[in-house]
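A closer look at the structure
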Amino acid sequence: MTGLGVRFLLGRLLQTVLVVLGAMALLFALTVIVPGDPAAALLGPQASPQYAKQFVAEMGLDQPIPVRFVRFFGHVLTGDLGTDVVSGRKVSAAISAVLPYTVTLTAAAIGLAVLLGVPLGCWAATRPGSWVDNILAGISVALIAIPSFVVAILLLLVFSVWLDWLPVLGTGRGDGVGEAARRLVLPAVALAVGWIGFIARLVRTAMLEVLAEPYIRTARAYGLPSLDIVFKYALRNAAIPPLAILGLGIGRLLGGAVLVEIVFGRPGLGRLVLDAINVRNYPVLQGAVLVVVLLFVAANLLVDILYSAIDPRIRRG
Amino acid sequence: MARILQTPAGALGTALVALVAIAALFAPWIAPYDPDQLAVLDRFAGLSPAHWLGTDQLGRDLLSRLLHGATVAMAVSASAIAIALVAGTLLGVAAAALGGWGERAILVLFDIVAAFPSLVLALAVVAVFGPGNGHLVGIVAITLVPQFGRVARAQVLTLQSLPFLEAERILGASPWRILRYHLLPNIAGPLIVLASMEVPSVITIEAGLSFIGLGVRPPLASWGTLIYDGYSYLSDSTLPVLVSSLALALATLGFTLFGEALRDAADPRAR
Amino acid sequence: MTPPTPARDDDKIVTMLQVRDLRLVAHTARGPAHILRGVDLDLDRGRILGLVGESGSGKSSLALALLRLLPANVMPPTGQVLLDGVDLLALPAAAMAERRGRAIAMVFQDPMAALNPLFTIGTQLTAALRRSAPASSRRDALAKSGDALARVGIADPVQRLRAYPHELSGGMRQRVMIAMALLARPDLLLADEPTTALDATIEAQVIDLLRGLRTSLAGGVLFISHHLGLVAELCDDVAVLYAGVVMERGPVAALIAAPRHPYTAALLSCEVRPGQSGPLTTIPGEVPDPLATPEGCLFAPRCPMAEDRCRRETQALRPVGAPGQAAACWKSV
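Residues numbered from 1 in each chain as written. Chains lettered and ligands numbered in written order. Predicted model: local features only at pLDDT ≥ 70, side-chain atom pairs only at ≥ 80, totals over all residues.

Brief notes about the overall build of chain C
Quick note on the threshold: What counts as a helix is a DSSP run of H or I of at least four residues, what counts as a strand is a run of E of at least two, and both are numbered from the N terminus. Working definition of burial: number of other C-beta atoms within 10 Å of the residue's own, with buried at 20 or more, exposed at 12 or fewer, and partly exposed in between, all C-beta atoms being placed from the backbone. Whether two residues are in contact is decided by their C-beta atoms, placed from the backbone, lying within 7 Å.
Counting its secondary structure elements, chain C contains twelve helices and twelve strands. For chain C, the spread of C-alpha atoms along the three principal axes comes to 65 × 50 × 50 Å. Looking at chain C residue by residue over its 333 residues, the buried ones come to 44%. Summarising the internal contacts of chain C: among those between residues at least 6 apart in sequence, 65% fall at separations of at least 24.

Considerations on the pairing of strand β7 (residues 188–192) of chain C
All names here are of chain C. The following threshold applies: Pairing between two strands is assigned when DSSP locates at least 2 bridges connecting them. Crossovers are described as right-handed under a simple rule: with the strands pointing away from the observer, the path leading from the first strand over the helix to the second runs clockwise.
In terms of burial, β7 is a largely internal element, five of the five residues being buried. Alternating residues of β7 divide into Leu188, Leu190 and Asp192 and Leu189 and Ala191, and every residue in both groups is buried. Alignment of strand β6 (residues 104–107) against β7, held across four bridges, turns out to be parallel. Directly across from Ala105, in β7, lies its bridge partner Leu189. In this structure, β7 lies alongside strand β8 (residues 220–225), joined through five bridges in parallel fashion. Pairing of Asp192 across the sheet is with Ile224, part of β8. With helix α8 (residues 200–212) bridging β7 and the parallel β8, this β-α-β connection has right-handed handedness.

A word on the interface of chain A and chain B
Accessible area lost on assembly of the parts is the figure often given for the size of an interface. Applied cut-off: For this classification, Asp, Glu, Lys and Arg are treated as charged, while Ala, Val, Leu, Ile, Met, Phe, Trp, Tyr, Cys and Pro are nonpolar and the rest, including Gly, are polar.
Between chain A and chain B, the residue contacts involve 37 residues of the former and 34 residues of the latter. Mapped by element, the contributors of at least two residues to the side of chain A that touches chain B are α1 (6–33), α6 (131–145), α7 (148–162), α11 (240–264), α12 (269–278) and α13 (282–310) of chain A. For the side of chain A that touches chain B, the element with the most residues is α1 of chain A, which contributes nine residues. Split by residue class, the side of chain A that touches chain B holds 32 nonpolar, four polar and one charged.

Things to note about the pairing of β8 of chain C
Residues in a regular strand point their side chains to alternate faces of the sheet. All names here are of chain C. Counting buried positions over the six residues of β8 gives six, a clear majority of the element. The two faces of β8 match: Gly220, Leu222 and Ile224 on one face and Val221, Phe223 and Ser225 on the other face are all buried. Here strand β3 (residues 48–52) pairs with β8 via five bridges, running parallel. Across the sheet, residue Ile48 finds its bridge partner in β8, namely Val221.

Description of the confidence of the model for chain C
Heads up, the rule is: pLDDT is a residue-level measure of predictor confidence that goes from 0 to 100.
Taken residue by residue, chain C gives an average pLDDT of 86. The fraction at 70 or more is 96%. This stretch, residues 7–11 of chain C, has a pLDDT under 50; its non-local contacts, to residues over four places away or in other chains, come to four contacts.

Some points on helix α3 (residues 62–98) of chain B
Just so we agree on the cut-off: Multiplying 1.5 Å by the helix residue count minus one yields the expected span of that helix.
With 37 residues, α3 of chain B ought to run about 54 Å at 1.5 Å a step, and its terminal C-alpha atoms sit 52 Å apart, in line with that. Burial within α3 of chain B is extensive, with 26 of its 37 residues counted as buried.

Structural notes on the nonpolar core
Nonpolar side chains tend toward joint burial in soluble globular proteins. Stated precisely, the cut-off is as follows: One nonpolar core equals one set of buried Ala, Val, Leu, Ile, Met, Phe, Trp, Tyr and Cys residues connected by C-beta atoms within 7 Å.
Membership of the largest hydrophobic core comes to 267 residues, with the highest contact counts inside it found for Ala288 of chain A, Val140 and Ile227 of chain B together with Leu222 and Phe223 of chain C. Here this core gets 18 residues from one element, more than from any other, and that element is helix α8 (residues 177–211) of chain A. If we ignore the near neighbours within four places in the chain, the residues touching Phe223 of chain C are Ile48, Leu49, Gly50, Leu51, Ala191, Val231, Leu234 and Cys235 of chain C.

Some details on the interface of chain A and chain C
Taken together, the contacts link 17 residues of chain A with 24 residues of chain C. Elements with a contribution of two residues or more to the side of chain A that touches chain C: α9 (214–221), α10 (226–238) and α14 (312–316) of chain A. Split by residue class, the side of chain A that touches chain C holds nine nonpolar, three polar and five charged.

Regarding the sheet that holds β8 of chain C
The strands making up a sheet associate through backbone hydrogen bonding, with each pair oriented either parallel or antiparallel. Residues and elements named next belong to chain C. Test applied: Axes here refer to lines fitted to C-alpha atoms; in helices the fit is confined to the stretch in contact. Angles between the N-to-C directions go from 0 to 180 degrees.
Judged by pairing direction, the sheet is mixed, and its eight strands sit side by side in the order β6-β7-β8-β3-β9-β10-β12-β11 without closing on themselves. Looking at strand neighbours, the two that pair on one side only are β6 and β11 (318–319), the edges of this open sheet. Packed onto the sheet, helix α7 (residues 170–184) meets β6 and β7 and runs at close to 175 degrees relative to β6.

What to know about the packing of α7 of chain A against helix α10 (residues 239–266) of chain B
Put simply, the test is: For a crossing to be left-handed, the near helix must be turned anticlockwise from the far one by less than a right angle; the clockwise case is right-handed.
Contact geometry of α7 of chain A with α10 of chain B gives a least axis separation of 10 Å together with a crossing angle of 145 degrees. The two elements α7 of chain A and α10 of chain B cross, and the hand of that crossing is left-handed. Residue-level inspection shows Val150, Ile153, Leu154 and Leu157 of chain A of α7 of chain A in contact with α10 of chain B, the latter providing Val241, Ser245, Leu248 and Ala249 of chain B. Broken down by class, the residue content of the contact of α7 of chain A with α10 of chain B amounts to seven nonpolar, one polar and no charged.

Let's talk about the sheet that holds strand β1 (residues 15–28) of chain C
Residues and elements named next belong to chain C. With antiparallel pairing, four strands are arranged side by side in an open sheet as β2-β1-β4-β5. Every interior strand has two partners, whereas the edge strands, β2 (31–44) and β5 (86–87), have only one. Looking at chain direction, strand β4 (residues 78–83) and β5 are connected through two bridges and run antiparallel. Paired with Leu83 across the bridge in β5 is Val86. Each of β1, β2 and β4 touches helix α1 (residues 59–67); the most contacted strand, β2, lies at about 75 degrees to it.

So, in structure tokens, the structure goes:
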């Protein structure tokens with residue numbers, strides 16, 4: 001018995017580390033490739049020539065590339081993501097100030113999608129071919145196809161502009177948890193809406209397949225209660241395909257979160273990145289992108305851990 | 001093709017795709033106005049016989065802008081997917097052919113690119129190289145390469161075990177010949193299906209980037225740009241944002257339905 | 001058709017299972033398919049009844065029909081299935097579910113598919129056990145499950161309880177299924193080709209196991225197989241099923257020694273004997289199409305002794321030959 005499959009997880013961890021290193025290399029390469037004078041690119045047109053020279057020396061931009069790479073690596077490993085060239089703050093500070101908002105939004109969206117999608121999918125599986133099932137099929141395709149920022153804008157239009165039900169912009173920080181929660185609703189829904197239908201369909205398909213499996217027939221042959229069969233047993237079997245796809249979809253979710261934040265004027269990585277791009281604040285941009293990649297990769301690793309917790313056959317490999 | 005039209009979803013998807021394609025191809029001829037023509041006195045016009053979908057904040061006819069937006073969306077999709085298809089296929093086939101470390105290196109490369117959410121990678125690259133139409137197409141293509149590459153590689157691996165390739169090799173056929181006449185026709189199928197299924201993603205990324213101003217450059221206007229314009233002037237009129245959102249939504253919906261119907265039609269198991 | 005015997009006899013139910021005119025029809029795209037066309041069976045307590053038939057004879061469907069666990073495209077079976085005097089087919093769904101895993105238990109054909117890959121053997125066994133002993137604690141249930149594993153000849157049962165199905169060999173998995181059935185302490189044990197998916201040597205072991213467990217089984221066993229030789233080794237009585245109808249039944253020794261139905265005789269001649277040389281015997285022709293409802297005896301097209309009368313009338317089972325033996329042929333050999 002290998003518990004949670006230590007060998008499997010170590011393998012995945014190693015793969016993850018390799019990918020993260022590669023991503024860092026890619027990001028580093030991007031900043032190196034920046035066309036034109038590196039200092040001008042990093043500091044923008046505002047800096048004076050003396051400052052630029054001083055900056056170059058300080059940042060070691062005149063060093064050969066391999067040296068810079070190693071320095072970059074070292075910095076990242078110690079959590080130093082560089083310095084914001086505009087404000088002078090540490091990039092890591094800037095990012096950690098806004099990261100919680102993005103993470104909360106993404107987590108809320110995932111939570112919503114799962115909490116609504118899974119029961120919906122289970123229900124549709126018990127009534128295949130019914131009109132509810134067909135409507136669900138239709139709507140879910142429609143919703144997952146539409147980009148989340150478009151949904152965000154439409155929700156904005158309907159609920160805030162026309163109906164004036166929910167507050168629109170910002171996070172309501174400082175107004176208490178209730179207010180923050182209210183402002184989280186629309187963005188989270190915008191992100192989640194496509195996924196609710198998608199997950200429901202995935203769960204439905206997986207459930208239908210699982211319920212037709214011989215081992216479910218064994219459970220029925222032994223008279224196990226229907227409720228137990230569906231929720232204690234079949235659901236676990238059926239969770240596997242949706243989990244895999246959710247893992248892949250987190251990237252889209254993160255990308256969507258960035259845009260949805262901008263639509264609703266929420267602080268978060270989206271705003272940070274956009275502002276950074278507009279003023280050519282490369283360290284911030286680099287740091288933010290790196291953090292997003294880390295989030296994505298960490299989320300996928302989490303999904304893999306869940307996988308191996310659920311399916312003992314995976315732990316072998 | 002007939003099979004695609006059999007399901008209501010497939011038929012709807014095909015209709016929408018056809019609509020977008022026609023708009024994209026014939027925009028300069030069927031658009032009632034020049035999309036860049038200003039008529040500031042006529043801004044935020046509602047639905048009217050003169051302006052079927054109203055006007056934007058500078059009085060430009062929205063219908064015309066939307067039609068040209070279709071052209072932009074299709075142009076970007078077609079080029080990005082074409083590039084990704086070629087590059088991905090070459091890399092995928094190479095990976096399968098090389099085996100060992102070469103293959104592993106290519107796969108790790110795929111993983112690294114795939115570790116970036118598409119939009120975020122696009123943002124990073126655009127930030128570095130500056131916005132530009134060519135850049136846009138290039139970045140989007142890069143984000144797609146891993147998927148095409150993996151599918152191509154998987155297809156080749158399945159085929160490699162088939163004896164007819166071995167026979168060709170023994171007969172002395174050059175690698176190029178094998179690639180062109182034997183491999184490509186056989187792996188083309190799934191790749192084409194994948195290509196059609198990627199169109200909605202490309203449209204979405206392009207629209208998203210244009211929305212934040214990092215997509216296509218003026219005077220070209222993509223639906224994303226139009227949505228942003230409408231969003232900025234929500235207090236003045238809700239019509240522009242509505243119609244441009246609708247256009248984007250219908251296009252992505254149409255291509256998604258079409259792509260899925262294509263995949264189902266091509267699936268031998270479904271027959 | 002023999003009318004059902006009185007349910008009770010000497011305060012004890014002897015003929016525990018009585019199946020009368022069991023019919024099963026499935027909806028297919030091309031029309032109704034007749035899977036069972038009027039099956040009669042009797043099974044006494046403490047006896048093992050073998051049900052023999054080729055693929056397509058409907059034997060597996062019969063087991064599922066007894067459990068009332070048929071797929072959605074199959075219509076509810078008609079006829080009577082009396083288990084200890086109660087007609088299972090007439091029970092409301094809840095009452096039937098009550099009996100599953102308690103009065104009736106089933107061992108399925110493919111043990112790998114029949115066990116849930118995501119749960120341990122212990123979890124699945126205790127779930128089955130809880131049906132007959134709902135109040136037992138987890139520790140108790142596991143202990144009893146371990147005992148059951150030991151009884152079916154699995155070494156190191158405590159370790160095995162924590163194992164997952166894919167970690168066991170095919171033979172072990174089937175033993176687990178048998179253990180599960182034992183835990184239910186059923187009146188009726190249905191074994192649907194339990195050894196078909198196993199290697200010959202493992203098959204022999206499992207048959208030995210089943211033979212050895214006879215004393216532990218308070219009820220009766222319905223052993224379904226396509227292999228007449230296997231049935232001959234294990235069972236007391238045998239019923240031969242063809243195209244959804246019982247063609248012959250009786251004590252196994254009598255039937256093997258002196259079959260009274262041409263189909264049974266044909267099946268016997270197909271059995272390969274050690275030292276046999278020359279071409280294998282086959283039965284020419286094919287099993288009748290379930291969509292068809294031919295007149296006359298269903299075996300007539302392939303029967304070497306068929307006459308006009310065979311093709312016009314069907315013959316019900318009638319006693320012939322040794323005591324307890326019956327055949328559905330007017331030309332009983």
